[in-house]
Amino acid sequence: MTPESRINFIKDWLIKYIKSMPKPATSLVVGVSGGIDSAVVSTICSMTGIKTLALSMPIKQIKEQDDLSKKHCKWLLTKFKNIEILNINLDEVFTNFEKALTKNNSEHAFANSRARIRMTTLYQVAGSNNGIVVGTGNKVEDFGVGFYTKYGDGGVDISPIADCTKTEVWEMGKELKIDEKIISAKPTDGLWVDGRNDENQLGMSYEELEEAMVNPNSKNYKKYQKIRETNLHKMKEIPVCKFD
């Protein structure tokens, strides 16, 4: 499938999904981080003609990441009439959250809490605009290594690019003429003060992960499997204690 046909397939899928809802939503709500995944998703959402709310939600964000997010939002405004941009600074919300949890101050937990605060914000906006929250996770993150926050960026209503590899997302970004700085930026979840990127955290590049996902003979396969096994709990249904 070519990048163009993949884009059109996703666009049509979004429209069909909305129409299939018992009470169709009237808006699509998506978080824009400054990365390629959210740039592609927000653009395709806008292409549907359905009202699209794109949210930039910095939380003590590194300036470069925030700048790319806002730059993409401005670009969307020049191309689509059905787009609405919301710049919601969550610094104060997160600061108060930190202060309330001074005795439970794990850095890793706080990183995940940033994602969950953003998720709550997306659902607040969706609930106020008869909307649904559109996920931006790709196939490698969502079904390969589970590289997302449970009930954070993993908390969405629909996932339009969850069957697309990172390479395919990059290809769609080029086809959509997404800003080159966004396409070439090192992928990051934007949850850490030190600005660590995805490869820093995973210990593997997306190219290496994609190869390992399809090739058990890959030199990185065991490493990939270890990461995957650690995060499998995110990809499975919640365990339920059942009575026979």
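In short, a report on the structure. Computed from a predicted model, the values in this text were never measured in an experiment.

Rules behind the numbers
- Here the residue index of a chain counts from 1 through its sequence in written order.
- Confidence filtering applies because this is a predicted model: local features only for residues at pLDDT of at least 70, side-chain atom pairs given and counted only at 80 or more, and all residues used for totals across whole chains, interfaces and linings.
- Derived side-chain values reflect all non-hydrogen atoms in the structure, with water molecules and hydrogen atoms excluded from consideration.
- Numbering of helices and strands starts at the N terminus; helices are DSSP runs of H or I of at least 4 residues and strands are runs of E of at least 2.
- Throughout, radius of gyration means the C-alpha value; the globule benchmark is 2.2 Å times the number of residues raised to the power 0.38.
- Only protein chains enter the accessibility calculation, which uses a 1.4 Å probe; a residue whose area is less than 20% of its type maximum is buried, one above 50% is exposed, and one in between is partly exposed.
- A contact between two residues is defined here by any heavy atoms of the two lying within 4.5 Å.
- Only the protein chains shown count as cover for residues, with accessible areas throughout obtained via the Shrake-Rupley method and a probe of 1.4 Å.
- Centre distance within 6.5 Å is the pairing criterion for rings of Phe, Tyr and Trp, where only the six-membered ring of Trp is used; planes under 30 degrees apart are then read as stacked, over 60 as edge-to-face, and the remainder as tilted.
- The criterion is that NZ of a Lys, or CZ of an Arg, lies within 6 Å of the ring centre and within 35 degrees of the ring normal, and then a charge sits over that ring.
- Whether two strands pair comes down to DSSP finding at least two bridges between them.
- Every angle, taken between N-to-C directions, lies between 0 and 180 degrees, and every axis is a line fitted to C-alpha atoms, over only the stretch in contact when it is a helix.
- Between 65 and 115 degrees an angle is taken as roughly perpendicular, under 35 as roughly parallel, over 145 as roughly antiparallel, and anywhere else as oblique.
- All residues other than Ala, Val, Leu, Ile, Met, Phe, Trp, Tyr, Cys, Pro, Asp, Glu, Lys and Arg, Gly among them, are scored as polar; the first ten of these are nonpolar and the last four charged.

### Here's the deal with the overall build of the chain
Logical step 1: In terms of helices and strands, the chain carries 11 helices and 4 strands.
Logical step 2: Computed over its C-alpha atoms, the radius of gyration of the chain comes to 18 Å, within 12% of the 18 Å expected for a compact globule of 244 residues.
Logical step 3: Overall, the C-alpha framework of the chain stretches about 50 × 45 × 45 Å when taken along its three principal axes.
Logical step 4: The buried share of the chain, reckoned over its 244 residues, is 45%.
Logical step 5: Within the chain, residue pairs in contact and separated by at least 24 positions form 75% of the contacts whose partners lie at least 6 positions apart.
Logical step 6: For the chain, the accessible surface area stands at approximately 13300 Å², while carbon and sulfur atoms represent 53% of it.

### Re the packing of aromatic side chains
Logical step 1: Going through the model one piece at a time under the given rule, you end up with 5 aromatic pairs.
Logical step 2: With centroids separated by 6.1 Å and ring planes inclined at 50°, the aromatic side chains of Tyr-221 and Tyr-224 adopt a geometry described as tilted. Here the residue Tyr-221 and the residue Tyr-224 both occupy positions in helix H11 (residues 221-235), the gap between them amounting to 3 residues, near one helical turn.
Logical step 3: Taking relative accessible area as the criterion, Tyr-224 reaches 5% and is therefore assigned buried.
Logical step 4: Three or more aromatic residues joined by ring pairs form one cluster here, namely Phe-94, Phe-97 and Phe-110.
Logical step 5: A cation over an aromatic ring shows up here: Arg-114 above the ring of Phe-94, its NZ or CZ 4.9 Å from the ring centre.
Logical step 6: Here Lys-234 stacks its cationic end above the ring of Tyr-148, 5.4 Å away from the centre of that ring.

### Some thoughts on the sheet that holds strand S1 (residues 27-31)
Logical step 1: Pairing is parallel across the open sheet formed by 4 strands, whose spatial order is S3-S2-S1-S4. The sheet is open, and its two borders are formed by strand S3 (83-87) and strand S4 (131-133), each paired with just one other strand. Taking each pair of neighbouring strands and ignoring which way they run, the sheet shows an average axis angle of 25°.
Logical step 2: Relative to S3, strand S2 (residues 51-56) runs parallel, the two being bridged by 5 bridges. Considered in S3, the bridge of Leu-53 is made with Glu-84.
Logical step 3: Of the strands in this sheet, S1, S2 and S3 touch helix H2 (residues 36-47), which is tilted by about 165° from S1.

### With respect to the packing of helix H1 (residues 3-20) against helix H7 (residues 166-175)
Logical step 1: Axis separation between H1 and H7 bottoms out at 9 Å; the angle between their running directions is 95°. On the basis of their axis angle, the class for H1 and H7 is roughly perpendicular. Here Pro-3, Glu-4, Arg-6, Ile-7 and Ile-10 of H1 lie close against H7, whose contacting residues are Glu-168, Glu-171, Met-172 and Glu-175.
Logical step 2: Looking at the contact of H1 with H7, its residues break down into 4 nonpolar, no polar and 5 charged.

Read these as layout, nothing more, since geometry by itself doesn't imply function.
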